[in-house]
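Below are the chains, spelled out letter by letter.
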Amino acid sequence: MSGASDDYLERALSDFNDKVNDLEPGGYSEELLEAYVNRGSVLKMLEHYTSALEDLEAAAEMCEAMDADDGTYVKLYADLGELYEHFGMDAAVPLRKAASRLGRISSSSHHFDARRIVTTCIRSSEVLLDEGHAEEALQFLEKALLATESKIDPWMRNRRMEAYCLLGELYDTLEEPSKATESYGEAADIGADLMRTGNLEEAEQLAATYMAKAECELDLGMMDQFVADSDSAILLIEEMYRNGMTDSVKEATDICHNVAAEFMKLGKVNEAERYLMKAMSLTLEGAKDYIEGHGKRPEIE
């Protein structure tokens, strides 16, 4: 976080401190609930996690006693989900509450615009997937995909790709490789299009998507597609290496070895040898670049 952002957040925190101090003597109110939610959010961004948790849990207590608006309710419990994950608590508990009103929020809801809906849903789904609650992440990803549908600006397209990647991970976790392959395919198509126009934010994510899709295709016995997507990943990693976007081609050589191993299982020795030679070529290229960049090792006298 930049110094300017820190200064802005510190000023905001001071303002919210004043509001909480002014409002607390009067007991529960919508204004106090808002102040607690806003202060907790700022404290979380400043990485004062214990204080943030105290504020948001106080807000949750008020929220259950009052009829909070949908935007405040979803934001509060989504933020609590992130904090619960940070402290090793069960993040699914607050995120279930957020999900209960997720369908009622829109870009006109309090605390939300179109982008905040998308980022909240993606982040909440990541938390749930990390904690092993794949099925409960589905509702958040469906909301993110709905919010990014038909959007053409690069930021939204990148988030749509991200959501489809997470959906692929979700179905992979649920051992539904056909649905996972379809989701990864959607992500790969969006990523390839963004790359062609120079708007792809993370080439690494596209390479990882090709790799994940290839693994699902292998599980389904789709050898031709497995090889094609493995090739796409190899070519992309090579391009990233040439452009200084990664300092190693190891992932590409690993993919070559994996493809070679699958061809060997099928008795296709020539095809396997071709990928082993490709892996060797990549390794030699990486070694050559390292030597040219660092100079030869000095001789020992």
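J.: Tell me about the overall build of the protein chain, and name the residues and values.
T.: Each helix and strand counted, the protein chain has 13 helices and zero strands in total. Walking the protein chain from its N terminus toward its C terminus, one meets helices and strands in the order α-α-α-α-α-α-α-α-α-α-α-α-α. For the protein chain, the C-alpha radius of gyration of 24 Å lies well beyond 19 Å, the compact-globule estimate for 301 residues. Dimensions of the protein chain, computed from C-alpha atoms along their principal axes, come out at roughly 80 × 55 × 35 Å. Classification of the 301 residues of the protein chain by burial places 46% in the buried group.

J.: Before we move on, could you go through helix α11 (residues 223-242) and cite the residues and values that matter?
T.: With 20 residues, α11 extends 29 Å from end C-alpha to end C-alpha; this agrees with the ideal 28 Å at 1.5 Å per step. When α11 is considered as a whole, its buried residues turn out to be M223, F226, V227, D229, S230, A233, I234, L236, I237, E238, M240 and Y241. Once α11 finishes, G244 follows within two positions and takes phi at roughly 70 degrees, a positive value.

J.: Quick one: what's the story with the environment of D69, residue by residue and with numbers?
T.: Its place among the elements puts D69 in the loop between α3 (49-65) and α4 (70-86). Counting along the chain gives 39 residues from D69 to E30, while the straight-line C-alpha distance between them is 9.4 Å. Contacts of D69, omitting those with residues within four sequence positions, involve R101 and H110. Of the polar contacts made by the side chain of D69, one reaches the side chain of T72; its length is 2.8 Å.

J.: Could you give an account of the pattern of salt bridges, with specific residues and numbers?
T.: Two side chains of opposite charge can pair, provided their charged atoms sit close to one another. Evaluation of the coordinates by the stated rule reveals 22 salt bridges. Across the salt bridge formed by R39 and D55, the nearest N and O atoms sit 2.5 Å from each other. Residue R39 is located in helix α2 (residues 30-45), and its partner D55 is located in helix α3; the two are separated by 16 residues in the primary sequence. What makes D55 buried here is its relative accessible area of 6%. Across the pair R159 and E201 runs a salt bridge, and its minimum N-O distance is 2.7 Å. Of this pair, R159 sits in helix α8 (residues 154-173) while E201 sits in the loop between α9 (177-196) and α10 (203-219); the two residues are 42 residues apart in sequence, bridging distant segments of the chain. Residue classification places R159 among the buried positions, given a relative accessible area of 12%. For E201, a relative accessible area of 43% gives the class partly exposed.

J.: Give a detailed account of helix α12 (residues 250-265), specifying residues and quantitative values.
T.: Its 16 residues place the ends of α12 23 Å apart at the C-alpha level, agreeing with the 22 Å of an ideal helix rising 1.5 Å per residue. Along α12, the positions that sit buried rather than exposed are A252, T253, I255, C256, V259, A260, E262 and F263. Within two residues after α12, G267 carries a phi angle of roughly 75 degrees, on the positive side.

J.: Pulling in residues and values, what's your account of the packing of aromatic side chains?
T.: Both the distance between ring centres and the angle between the ring planes are used here to describe each pair of aromatic rings. For the structure shown, the criterion picks out two aromatic pairs. With a centroid separation of 4.8 Å and an interplanar angle of 55 degrees, the aromatic rings of Y73 and Y77 are classed as tilted. In this pair, Y73 and Y77 are both assigned in helix α4, four residues apart and thus about one turn of the helix distant. Y73 sits in the buried class, given a relative accessible area of 7%. The ring of Y73 has R101 lying over it, and the distance from NZ or CZ to the ring centre is 3.8 Å. Sitting above the plane of the W155 ring, R159 keeps its charged end 5.1 Å from the centroid.

J.: Kindly report on the layout of surface pockets, identifying the contributing residues and their values.
T.: Within this model, the largest pocket holds a volume of roughly 590 Å³. In this structure, the largest pocket is lined by 20 residues; those nearest its centre are S41, M45, K75, D79 and R116. Listed by contribution, the elements that provide at least two residues to the lining of the largest pocket are α1 (3-23), α2, α4 and α6 (114-130). In terms of residue class, the lining of the largest pocket is made up of eight nonpolar, six polar and six charged.

J.: Can you tell me about the side chain of D79, naming the residues and giving the values?
T.: One can find D79 in helix α4. Setting aside anything within four residues of it in sequence, one finds D79 in contact with S41, K44 and L56.

Parameters at a glance
Residues numbered from 1 in each chain as written. Predicted model: local features only at pLDDT ≥ 70, side-chain atom pairs only at ≥ 80, totals over all residues. Heavy atoms only, no water. Helix = DSSP H or I, 4+ residues; strand = E, 2+ residues; numbered from the N terminus. Rg over C-alpha atoms; globule rule 2.2 N^0.38 Å. Buried < 20%, exposed > 50% of the residue type's maximum accessible area, 1.4 Å probe, protein only. Expected span 1.5 Å × (residues − 1). Contact = heavy atoms within 4.5 Å. Polar contact = N/O pair within 3.5 Å; in protein donor to acceptor, adjacent residues only side chain to side chain. Salt bridge = Lys/Arg side-chain N within 4 Å of Asp/Glu carboxyl O. Phe/Tyr/Trp six-rings, centres within 6.5 Å; stacked < 30°, edge-to-face > 60°. Lys NZ or Arg CZ within 6 Å of the ring centre and 35° of its normal. 1 Å grid on protein atoms, 1.4 Å probe; cavity = no way out; pocket = protein on both sides within 12 Å on 5 of 7 lines; lining within 4 Å. Points joined across faces, edges and corners; volume = space filled by probe spheres on them. Nonpolar A, V, L, I, M, F, W, Y, C, P; charged D, E, K, R; others polar.

Shape is all these values report; function is a separate question.
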